[in-house]
Amino acid sequence: MSKNDKIIPYLSDEELDRLIMDIENEEPVQAPAGIERNVLSFIEHKKRIKTAEFGRYCVRVGFAVAAAIALVCIVPFIPDTKAVIPSREDAVMERTVISRDEVLKSKTVMTKQEALSEKSNTGYLLETEEFIKSHIQSLIK
């Protein structure tokens, strides 16, 4: 199918009005010969193009993954890089860990009883229901 086969000229206003009147006054117009074949071949052509593009994308991703794996495996053995891979113990020793008490100092933490009494209050459920309704309304608008 050539590029010229795909171009359909537009009708002028008079021609369009005349066509509408002819169609309304006469029996239904039969579709042009070969339109089904043209439409189906056009759809098949688009599918083939998309499949080829996806194939090229998969090949590029595969090569990128293979190159990354190769670099990860090869770099430690190249003598000029002087790449030092620390042991697990060294890595753990370098990491600074904040204790639980230091984190909780800056925050007010409710006790178990306070949390349970707050959640058993029906006002909490009503507030939650209103919150959900307002978000649904904002999504609908």
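What counts and how
- Residues numbered from 1 in each chain as written.
- Predicted model: local features only at pLDDT ≥ 70, side-chain atom pairs only at ≥ 80, totals over all residues.
- Heavy atoms only, no water.
- Helix = DSSP H or I, 4+ residues; strand = E, 2+ residues; numbered from the N terminus.
- Buried < 20%, exposed > 50% of the residue type's maximum accessible area, 1.4 Å probe, protein only.
- Areas by Shrake-Rupley, 256 points an atom, 1.4 Å probe, with all protein chains shown as cover.
- Patch = residues over 30% accessible without salt bridge, like charges linked within 9 Å, V, L, I, M, F, W, Y side chains within 5 Å.
- Salt bridge = Lys/Arg side-chain N within 4 Å of Asp/Glu carboxyl O.
- pLDDT = per-residue confidence, 0-100.

### A word on the overall build of the protein chain
At step 1: On a plain count of helices and strands, the protein chain comes out with seven helices and zero strands.
At step 2: Listing every helix and strand of the protein chain by position from the N terminus yields α-α-α-α-α-α-α.
At step 3: Across the 141 residues of the protein chain, 0% fall into the buried class.
At step 4: If you sum the accessible surface of the protein chain, you get close to 14000 Å²; carbon and sulfur atoms cover 62% of it.

### Quick look at a nonpolar patch on the surface
At step 1: A cluster of nonpolar side chains, contributed by Leu11, Leu16, Leu19, Ile20 and Ile23, occupies part of the molecular surface with about 400 Å² of accessible area.
At step 2: Since its relative accessible area comes to 40%, isoleucine 23 is described here as partly exposed.

### Regarding the pattern of salt bridges
At step 1: In total, this model carries one salt bridge according to the counting rule given.
At step 2: The closest approach of N and O atoms between glutamate 129 and lysine 133, which form a salt bridge, is 3.2 Å. Of this pair, glutamate 129 and lysine 133 are both found in helix H7 (residues 122-140), four residues apart, which corresponds to roughly one turn of the helix.
At step 3: Lysine 133 sits in the partly exposed class, given a relative accessible area of 43%.

### Some remarks on the confidence of the model for the protein chain
At step 1: Considering every residue of the protein chain, the mean pLDDT works out to 83; 88% of them sit at 70 or more.
At step 2: By mean pLDDT, helix H1 (residues 3-6) is the weakest element of the protein chain at 60, and helix H3 (residues 35-74) is the strongest at 94.

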